[in-house]
Amino acid sequence: MSQPLEGTFSAEHSARLLRQYRYVVERTMRALGGWIALTPELSAKLLMGRHVWDLAQHCDAFGQRLPELRSHAQVSEAANPAVATFMDSLEDAEGPDQTVERLVGVYVVLKPHLLATYRDHLAHANPVYEPPTRRILARCIDDEERHIAAGDTILKYLAAGPRVIDRVSARRRHLDGLLAAAGGVTGAGLPMREALDVAVGQAELVGQAELSDDGREFIRLERATGAWPIPADLEKAQRSFADALVAGDDTALARLLVPGLELETTAWALLRGTSYSHHVTVAFARLGHQRLVKTRLDGPSSSATVLARWVSSPEGWRIAALDVAGRDGVRPA
Amino acid sequence: MDRPIAYDKLAREERFVRMRAREVAELKVAQGLPPFPDLSSRESIKERVHGIMVGELQAMEGAGRSVCDFPDAPWDFTMDMARQVWDESRHVEIYLRLLEHLDGYAGEYPETTILWRCACAEDAAARVAGVNRGLEGLACDVFNQLVHIARKIGDPVLERAVDFVLADEITHVRMGSKWLTKLTEGDAERRRRAIEFQESIDERFNLGGVRREGDHDAVSISIATDVRRMAGFTEEEIERLIKTTQRSQVY
């Protein structure tokens, strides 16, 4: 600007932009809060848990600035109905097996767009009479850079594998299309592609130095279990049990039960006849002197998770209870 | 979005084993063990820490649902719940690290969802009364005792980390007291129902007499009367809680 007091926005326009930001940020904050309980993966839970509060503070800052711009405090406004449609679609991934879709919507589509939009706004907000707005935008930009970096790290971890990568692409295409149709969160069009790329690139750099919501640390905590301390004799009995489940060998299974427990009265009756090709131990827990072992059975058309409670006896480890913990259950991401 | 969600939609990785609290307690008693870890050994402390980690996880999930489920509540209510989500997510991280410190791992003991069920109350006032005052009050008792035990056994890592978590929990109880009052202003019936819900949770979490008034070393969970006062519980409320622990038989 050649003249320091030359400005791009009216106060009214500035207030409208803040209401429009507040609309998408508030909905995103509420969605992230609600999704934590619906998301199985610990790393993604922690990621969302960290960012809900930052987004609440962004909303609050936008909302408190509004009366200073002759508008009502804490009011949100969708730029147009298509923005509301975009947000409806972003929020609709509520299944326990849709963590990737949730993360793509927030961390790959919306947040990079918001970051570029905030940067664009900051570049055009007058430094003499708009410092209150500029300070808010600067704080939001810092947070969004960190969020995007952390989200990218978790998404790369959860979205390994070609089928999941296809889901990422499909989800991104769908939401990118809706966002473009809305003209971005302000309805005024998407910021320049270059601005988006610069924003994402800088976010990756910032994220590497950040500790409080470092996605790598969330992943480490998720994977920290290592090898389960299963006693050798129990591991042997567990393998025989799981092999018998896959083989459908009732006689071998019955031999592993404590005296008095009939195979027919256990949950095995629900699974008998289903074809499973392999098994994997997915959980190992202590219950006093007893042990709980969860086994996932996978077959060509179905899967099941079986929970066995093992007790140690003079004859070796035996199963005191056998339950089906889940059928055709949700797999990670 | 679905608001609120059914309690059985709580999502977990496969490595967690979910069981009913009553079943866990009964199976332990049948083995001649206390129904609730009594902090008498490092193994017992680890089991307690695991239970707290799972509780923090459910508290984070519950506070997150409060952010999501009540879009028409006052904005400041949402702010407090969002802050609590952040606090609880850090608490989960702290307790995951404490589990590592104690050579444990996530999923080492069964998870019970009794806390999460309490966080599914449909009314916001009942939810803050039950979760922020009932459950976070219990957390004050448990953490205050854990800080004491950690100091006694010379574990500064455990002592310092839990001390900071306790400070957050006191703040959460205060939030609960504030919002119980504000949300039920001019609606005595709503307030009565919310307090009744909180008292039912207090009763449930007396854990069959496990929580009691007494010395940290003498009882499994000692009621932290000083901390509760600091958090804003009245003398009458503390007295009533102590009385209920003397007759509670359920867990």
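If you're wondering where the values come from, they're calculated on a predicted model, not measured in any experiment.

Definitions and cut-offs
Residues numbered from 1 in each chain as written. Chains lettered and ligands numbered in written order. Predicted model: local features only at pLDDT ≥ 70, side-chain atom pairs only at ≥ 80, totals over all residues. Heavy atoms only, no water. Salt bridge = Lys/Arg side-chain N within 4 Å of Asp/Glu carboxyl O. Buried < 20%, exposed > 50% of the residue type's maximum accessible area, 1.4 Å probe, protein only. Patch = residues over 30% accessible without salt bridge, like charges linked within 9 Å, V, L, I, M, F, W, Y side chains within 5 Å. Areas by Shrake-Rupley, 256 points an atom, 1.4 Å probe, with all protein chains shown as cover. Helix = DSSP H or I, 4+ residues; strand = E, 2+ residues; numbered from the N terminus. Contact = heavy atoms within 4.5 Å. Buried area = accessible area lost by both parts, 1.4 Å probe. Polar contact = N/O pair within 3.5 Å; in protein donor to acceptor, adjacent residues only side chain to side chain. Pairing = 2+ DSSP bridges. Axes fitted to C-alpha atoms, helices over the stretch in contact; angles between N-to-C directions. pLDDT = per-residue confidence, 0-100. Domains from an automatic or database assignment. Phe/Tyr/Trp six-rings, centres within 6.5 Å; stacked < 30°, edge-to-face > 60°. Lys NZ or Arg CZ within 6 Å of the ring centre and 35° of its normal. Expected span 1.5 Å × (residues − 1). Arc of directions from axis to C-beta. 1 Å grid on protein atoms, 1.4 Å probe; cavity = no way out; pocket = protein on both sides within 12 Å on 5 of 7 lines; lining within 4 Å. Points joined across faces, edges and corners; volume = space filled by probe spheres on them. Nonpolar A, V, L, I, M, F, W, Y, C, P; charged D, E, K, R; others polar.

## Details of the pattern of salt bridges
Residues and elements named next belong to chain A. In this structure the tally under the stated criterion is 56 salt bridges over all chains. One salt bridge connects Asp214 with Arg216, and the closest N-O pair in it is separated by 3.0 Å. The class of Asp214 is buried, set by a relative accessible area of 12%.

## With respect to a nonpolar patch on the surface
Among the surface-exposed residues, Leu5, Val128 and Tyr129 of chain A lie close enough to one another that they form a single nonpolar patch of about 290 Å² accessible area. Its place among the elements puts Tyr129 of chain A in the loop between helix 4 (99–124) and helix 5 (131–158).

## Structural notes on the interface of chain B and chain A
In this assembly, 51 residues from chain B lie in contact with 52 residues from chain A. Area buried by chain B at its contact with chain A is led by Met1, Glu14 and Trp75 of chain B, which between them contribute 17% of it. At the boundary of chain B and chain A, one finds 7 salt bridges. A salt bridge links Arg220 of chain A to Glu100 of chain B; the shortest N-O distance between them is 2.9 Å. Run the count over chain B and chain A and you get 22 residue pairs in polar contact (both at pLDDT 80 or more).

## What to know about the sheet that holds strand 1 (residues 278–287) of chain A
Pairing between the strands of a sheet comes from backbone hydrogen bonds, and it takes one of two forms, parallel or antiparallel. Residues and elements named next belong to chain A. Across the sheet, which stays open at both edges, the 4 strands sit in the order 1-2-3-4 with antiparallel pairing between neighbours. This sheet does not close on itself; its edge strands, each paired only once, are strand 1 and strand 4 (316–327). Across this sheet, the average inter-strand angle for adjacent strands is 25°, counted without regard to direction. Relative to strand 4, strand 3 (residues 303–313) runs antiparallel, the two sharing 10 bridges. Its bridge partner lying in strand 4, Thr305 is registered against Gly326.

## Some words on the confidence of the model for chain A
Looking at chain A as a whole, the pLDDT averages 91, with 92% of positions reaching at least 70. Counted against residues more than four places away or in other chains, residues 207–211 of chain A, with its pLDDT under 50, gives 4 contacts.

## Some details on the domain arrangement of chain A
When the domains of chain A are assigned, the result is domain 1 (11–222) and domain 2 (232–327). In this structure, domain 1 of chain A and domain 2 of chain A have C-alpha centres spaced 45 Å apart.

## Considering the packing of aromatic side chains
What the rule picks out here adds up to 7 aromatic pairs over all chains. A ring pair is formed by Tyr21 of chain A and Phe62 of chain A, whose centres lie 5.6 Å apart and whose planes are at 55°; its orientation type is tilted. Of this pair, Tyr21 of chain A sits in helix 1 (residues 11–35) while Phe62 of chain A sits in helix 2 (residues 42–65), and the two are 41 residues apart along the sequence. Summarising the burial analysis for this pair, Tyr21 of chain A and Phe62 of chain A share the class buried. In textbook terms, an aromatic cluster arises when at least three aromatic residues are bridged by ring pairs, as seen for Tyr21, Phe62 and Tyr118 of chain A. When the ring centre of Trp86 of chain B is taken as origin, the NZ or CZ atom of Arg90 of chain B, which lies over that ring, is 4.4 Å away. Over the face of the ring belonging to Trp179 of chain B we find Lys182 of chain B, whose NZ or CZ atom lies 5.3 Å from the ring centre.

## Looking at unusual backbone geometry
A negative phi angle characterises most non-glycine residues, just as the trans form characterises most peptide bonds. The omega torsion across Arg3 of chain B and Pro4 of chain B is -15°, close enough to zero to call that bond cis. For Pro4 of chain B, the position within the fold is in the segment before helix 1 (21–30). Phi at Arg70 of chain A takes a positive value of approximately 60°, unusual for a residue other than glycine. Tracing the sequence through the fold places Arg70 of chain A in the loop between helix 2 and helix 3 (81–91). Exposure remark for Arg70 of chain A: the relative accessible area of 73% places this residue in the exposed category. Even without a glycine there, the phi angle at Gln74 of chain A is positive, about 50°.

## Quick notes on helix 6 (residues 162–182) of chain A
Residue and element names in this part refer to chain A. With 21 residues, helix 6 ought to run about 30 Å at 1.5 Å a step, and its terminal C-alpha atoms sit 30 Å apart, in line with that. Every buried residue of helix 6 is accounted for by Val164, Val168, Arg171, Leu175, Leu179 and Ala182. All buried residues of helix 6 project into a common sector of 75° when viewed along the axis, lining one side. The exposed set on the far side of helix 6, more than 90 degrees from its buried face, consists of Pro162, Arg163, Asp166, Arg173 and Ala181. Here the buried face of helix 6 lies against helix 3, helix 4 and helix 5. Phi turns positive one or two residues past the end of helix 6, at Gly183, with a value near 75°.

## Quick word on empty space enclosed by the protein
Evaluation of the coordinates by the stated rule reveals 3 cavities of 30 Å³ or more. Every residue lining the largest cavity is counted, 39 residues in all, and those nearest its centre are Phe36, Gly51, Ile52, Thr112 and Phe205 of chain B. Going through the elements one at a time, strand 1 of chain A together with helix 1, helix 2 (42–69), helix 4 (114–118) and helix 5 (124–153) of chain B are the ones with two or more residues in the lining of the largest cavity. With 10 residues, the single largest contributor to the lining of the largest cavity is helix 2 of chain B. Here the lining of the largest cavity is built from residues that sort into 24 nonpolar, 6 polar and 9 charged. The calculated volume of the second largest cavity comes to roughly 50 Å³. Where the lining of the second largest cavity is concerned, the elements lending two or more residues are helix 2, helix 3 (75–101) and helix 5 of chain B. In terms of residue class, the lining of the second largest cavity is built from 5 nonpolar, 4 polar and 1 charged.

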